[in-house]
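# Descriptive analysis of the structure
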Amino acid sequence: MSEVDMAVIKPEMMKSYIWLQTADGSIQQVEQEVAMFCPMICHEVIQKGMGSSKNYAISLPQRVNPAMLSLILDYCRFHQVPGRSNKERKSFDEKFIRMDTKRLCELTSAADSLQLKPLVDLTSRALARIIEGKSPEEIREIFHLPDDLTEEEKLEPLKNTTDDPRIRLLNRLYAKKRKELKERQKLKNIEVEEERVDDRSVDDLLSFINGDNGDSKGIKNSKSKKKNRRRKDQQKNTSANEAIKNHNKEPNGLNQVCHSAEVGQKVRAGVGATSNLHDVEDDIFDNKNELDDGDIDDEIDPALKEKIDREVEDFARRLNSDWPERMQEILSFGHERKPVHFSLNGNGSLRRYANSEQR
Amino acid sequence: MDDVMSRDLISDLPQSIIESILTRLPIRDAVRTSILSSKWRYKWATLTQLVFDEKCVILSNDRCKVEDGLVNFITRTLFLHQGPIHKFQLTTTHLQCCPDIDQWLLFLSRNDIKELVLELGEGEWFRVPSCLFNCKKLTRLDLFRCEFDPPPTFKGFLCLKSLNLHQVLVSPEAIESLISGCPLLESLALSYFDSLALTIRAPNLKFLCLEGEFKDICLENTPLLVAMSVAMYMTDDIAEHFEQSSTCNFNRFLGGVPRLERLIGHIYFTKFLSIGDDLGRLPITYAHLKVVELNQVSFEDMKEILVVLRLITNSPNLRELQISGSSNTLAAIDAPDLDFWEDECPSNCTFKQLRVVRMTDMSGVPHEMEFIKFLLANSPALETMSISPCVYVMDGRLNMLIELLRFRRASAQAEILFIQD
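Within each chain, residue numbers correspond to sequence positions counted from 1 in written order. Each chain takes a letter, starting from A, and each ligand takes a number, starting from 1, following the order in which they are written. Local features in this predicted model are restricted to residues of pLDDT 70 or higher, and side-chain atom pairs are both shown and tallied only at a pLDDT of 80 or more, whereas totals for entire chains, interfaces and linings draw on every residue. Excluded from the side-chain calculation are hydrogens and water; included are all heavy atoms of the structure.

### Some thoughts on the overall build of chain A
Of the regular secondary structure elements, chain A holds 17 helices and three strands. The long-range fraction of contacts in chain A, counting pairs at least 24 apart against all pairs at least 6 apart in sequence, stands at 66%. Numbering of helices and strands runs from the N terminus, with a helix taken as a DSSP run of H or I at least four residues long and a strand as a DSSP run of E at least two residues long. Throughout, a residue-residue contact means that at least one pair of heavy atoms, one from each residue, lies within 4.5 Å.

Right, here's the structure in full:
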């Protein structure tokens, strides 16, 4: 209202106004009875005597921007009138609430900071109605929530009540590796199916069998502490079995046996490598108390990350390369059995574990 | 990966708002928010109100599966929960007597439970374990279909404000001592009890709701009572007991409730009040009584009519009156003493505030008509008088209307609505 208008109005019609300032600096005046409907403003006026003039405008909390303030004032303007029936109020509320989700959330926040409980209840109810009955994906979509839980965490929620960031980190790693390995396995299966003809010489095969006798023992599926690991391993084994079954269709009996052994061997080697990986992780889990806390906050230790990435690349390469190459590798792999290097601040126990893998 | 521009809208709201939202969701939806994102993993776990009802049951044809599913869900939810639980409600027909419930109650008793609602299915009634009596902070207790047996050392719930026992097997002494042992009790509801004789001593009681076969009720110390609703069923031995009784039930029941604002009576309530010798003038005035609803009043029983009159003539601020008649075949079929209305009926009482009167199930018996006449003549502020005849009366309706037309009305703006069905 301009000064001129105010001068024309009769004194009886003069309402008192309260001056409010939002976080962005803009100041506006609002009818007293409307503004006083908000407990926070009421408190400021009564207890601190603020709001009577432009210089002493009440600074509103940061969560109240001008758009939200205008909405809240609309709400107050309607509800502060005493004569309205419950039906009228309800129908106003229903219409008032119709807005997009983003504004609804902002409005809830703003109303909460002004301690306007009826409006907070109204908006909470509206938000609850939005969430109710929807699938997690839909809810994430509506509220722009990041999908940052691992598959494992989703399947068995709230297993770790300690909320240790290192456990979360490991879970994330674990899940990533699992996904990658699954993909590798899929590719491998496709390739394995295509391979029907084997043109290796018998000599090669025999030397292979002889040379690798000792190896099949070392590569066991180590007892997994976590159930899902076993689940994963079973998955691997079934796909290995499928591969073996495919090869069993070969007419040549000797070749068959060799192939099965070989495929089983290779897959088990692969599995062994990954169980290595996960047993090591497990060890890290066990020895977490010995780890230097400063090293791991929410970023993966770069050295560890490198090692893991290299290991995965290795494995992927092995899976994707051709048979002869693979054979060569397996031969060399079987003889040498290099220990998996994981240097985590020279944690002796890890190294020990890796070495024991050799036999 | 998420678009950097679309910021999370909701996860950073204050926990009180998140709780406010999650509390309004069915419990399964609330728990499922734990897989939305890492921030949401534990937001549900600190909810202080857990309500398990039919919505969280996954239906299937296999009854055992439904039961097991529900038990597992509740157990796991409680196990994963963090912090105090103030309200726990279990309303389901799928569970009856189940050992898991004992364990849940034990868990709750260690977690500052304040409001407990247990409504279980028909079948074997659940026997409330002793750990319930250790819930010191209990403010509300609702039990449906349970066996309630307090240990002898139990003194009462010192914080209890609301008690609702519906179809609960409990000894009368236990109920009386429970009520007396809860000094803060404001709301009491007892339903479906058999032949209960009860004396209620509850100095803070405001709301009373009774339904069942009550042999005797005495409101000995309930000075703050504001509203009551009583439905009394009659059995043969209760009727016998009434015949032999000489104490004035009206005084015993309504003698100590000066703050009463609403009174609702069902079934045999008026009859109950009519039992006993009339002790003359009522010692108190119901200055706050605004709404009276009495159902199944038999206008063929003088004593019941006297009860109604006594009540309304001592309520100067009565605004609303609703009476439903009953064709009570038990009443004596004497010639109605219509002289009463001329001679004995208090003539100088005016219902200055009475605005709305509803007479339902009217059979048109003489006393009913006289009563209506009495009201019309003494209610200067009356706005509406609505009369609905009883469905069984078809022939007498015309006579009723003819009589109604004749009645003098103290209020010029009174409308008489004759409601045909």
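### Remarks on the interface of chain A and chain B
Of the residues lining the interface, 37 residues belong to chain A; the matching set on chain B comes to 28 residues. Every case where a carboxyl oxygen of Asp or Glu lies within 4 Å of a side-chain nitrogen of Lys or Arg is listed as a salt bridge. When the shortest N-O distance is used, the salt bridge between Arg-24 of chain B and Asp-121 of chain A registers 3.5 Å. Distance and chemistry together define a polar contact, namely a pair of N or O atoms within 3.5 Å, with one atom able to donate a hydrogen and the other to accept it when in protein, and with adjacent residues in sequence counting only for side-chain atoms on both sides. Our count for the contact surface shared by chain A and chain B stands at six residue pairs in polar contact (both at pLDDT 80 or more). Mapped by element, the contributors of at least two residues to the side of chain A that touches chain B are α6 (101-113), α7 (117-131), α8 (136-143) and α9 (151-155) of chain A. Amino acids outside the nonpolar list (Ala, Val, Leu, Ile, Met, Phe, Trp, Tyr, Cys, Pro) and the charged list (Asp, Glu, Lys, Arg) are all regarded as polar, and Gly is one of them. Class assignment of the residues belonging to the side of chain A that touches chain B gives a composition of 14 nonpolar, eight polar and 15 charged.

### Here's the deal with the nonpolar core
Counting residues in each nonpolar core, the largest one holds 176 residues, and the members touching the most others are Ile-41 of chain A together with Leu-254 and Phe-371 of chain B. When residues no more than four places from it in sequence are discounted, the contact partners of Ile-41 of chain A are Ile-18, Leu-20, Ala-35, Ile-58, Leu-60 and Leu-114 of chain A. Each nonpolar core is a collection of buried residues, namely Ala, Val, Leu, Ile, Met, Phe, Trp, Tyr and Cys, held together in the definition by side-chain atoms within 4.5 Å. Burial status follows relative accessibility: with a 1.4 Å probe on protein chains alone, a residue under 20% of its type maximum counts as buried, one over 50% as exposed, and anything between as partly exposed.

### Side note on the pairing of strand β8 (residues 207-221) of chain B
Residue and element names in this part refer to chain B. Following DSSP output, two strands are said to pair if at least two bridges run between them. Both strand β7 (residues 187-201) and β8 contribute to a ladder of twelve bridges, which runs parallel. Residue pairing for β8: Ala-189 is matched across the bridge by Cys-209. Across six bridges, β8 lies against strand β9 (residues 227-232) in parallel orientation. Residue pairing for β9: Gly-212 is matched across the bridge by Met-232.

### Observations regarding the packing of α6 of chain A against α7 of chain A
Residues and elements named next belong to chain A. To define axes, lines are fitted to C-alpha atoms, for helices over the stretch in contact only, and angles between the resulting N-to-C directions are given on a 0 to 180 degree scale. Their axes nearest at 9 Å, the elements α6 and α7 cross at an angle of 150 degrees. In terms of orientation, α6 and α7 fall into the roughly antiparallel class. Crossing handedness for the pair α6 and α7: left-handed. Along its contact with α6, which presents Thr-101, Leu-104, Cys-105, Leu-107, Thr-108, Ala-111 and Asp-112, the element α7 presents Leu-119, Val-120, Thr-123, Ser-124, Ala-126, Leu-127 and Ile-130. By residue class, the composition of the contact of α6 with α7 is nine nonpolar, four polar and one charged. Roughly parallel refers to an angle under 35 degrees, roughly antiparallel to one over 145, roughly perpendicular to one between 65 and 115, and oblique to any angle outside these ranges. Less than a right angle of anticlockwise turn of the near helix away from the far helix marks a crossing as left-handed, whereas a clockwise turn marks it as right-handed.

### What to know about the UniProt feature "domain: F-box" (unreviewed entry) in chain B
Within the UniProt annotation, "domain: F-box" (unreviewed entry) is assigned to residues 7-41 of chain B. Here residues 7-41 of chain B runs as 43% helix and 0% strand, with 18 Å between its end C-alpha atoms. UniProt positions are given in the numbering used here, feature names are shortened, and annotations may be inferred rather than shown by experiment.

### Quick notes on the sheet that holds strand β2 (residues 27-31) of chain A
Residue and element names in this part refer to chain A. Taking strand neighbours across the sheet as the criterion, the three strands line up as β2-β1-β3 in an open arrangement whose pairing is mixed. Unpaired on one side and paired on the other, β2 and β3 (58-59) mark the two borders of the sheet. For strand β1 (residues 17-21) and β3, the ladder comprises two bridges, and the chain directions are parallel. Of the residues in β3, the one forming a bridge with Leu-20 is Ile-58.

### A few points about the confidence of the model for chain B
Residues and elements named next belong to chain B. One confidence number per residue, pLDDT, is output by the predictor and ranges from 0 to 100. Per-residue pLDDT for chain B averages 87, and the proportion of residues at 70 or more is 96%. Of the regions scoring below 50 in pLDDT, residues 1-5 engages in three contacts with residues more than four places distant in sequence or in other chains. What the predictor reports for the complex is a pTM of 0.66 with an ipTM of 0.73.

### Structural notes on the confidence of the model for chain A
As a note on interpretation, predicted positions should not be read in detail where pLDDT is low. On average, residues of chain A score 66 in pLDDT, and 45% of them reach the 70 mark or higher. Considering only residues more than four positions removed or in separate chains, one finds that residues 213-298 of chain A, a stretch of pLDDT under 50, has 133 contacts.

### A few points about the pattern of salt bridges
For side chains bearing opposite charge, pairing can occur when the charged atoms are close. All told, the structure shown has 24 salt bridges over all chains when counted by the stated rule. A salt bridge links Glu-122 of chain B to Arg-145 of chain B, with the shortest nitrogen-to-oxygen separation between them at 3.5 Å. Separated by 23 residues along the polypeptide, Glu-122 of chain B in the loop between β3 (115-119) and β4 (126-127) and Arg-145 of chain B in strand β5 (residues 140-147) bring together distant segments of the chain. By relative accessible area, which is 54% here, Glu-122 of chain B ends up exposed. Notably, a salt bridge pairs Asp-142 of chain B with Arg-140 of chain B, separated by 2.9 Å at the nearest N-O pair. Residue classification places Asp-142 of chain B among the buried positions, given a relative accessible area of 7%. Residue classification places Arg-140 of chain B among the partly exposed residues on the basis of a relative accessible area of 24%. Put simply, Glu-31, Asp-74 and Arg-77 of chain A are held in one network by salt bridges that share partners.

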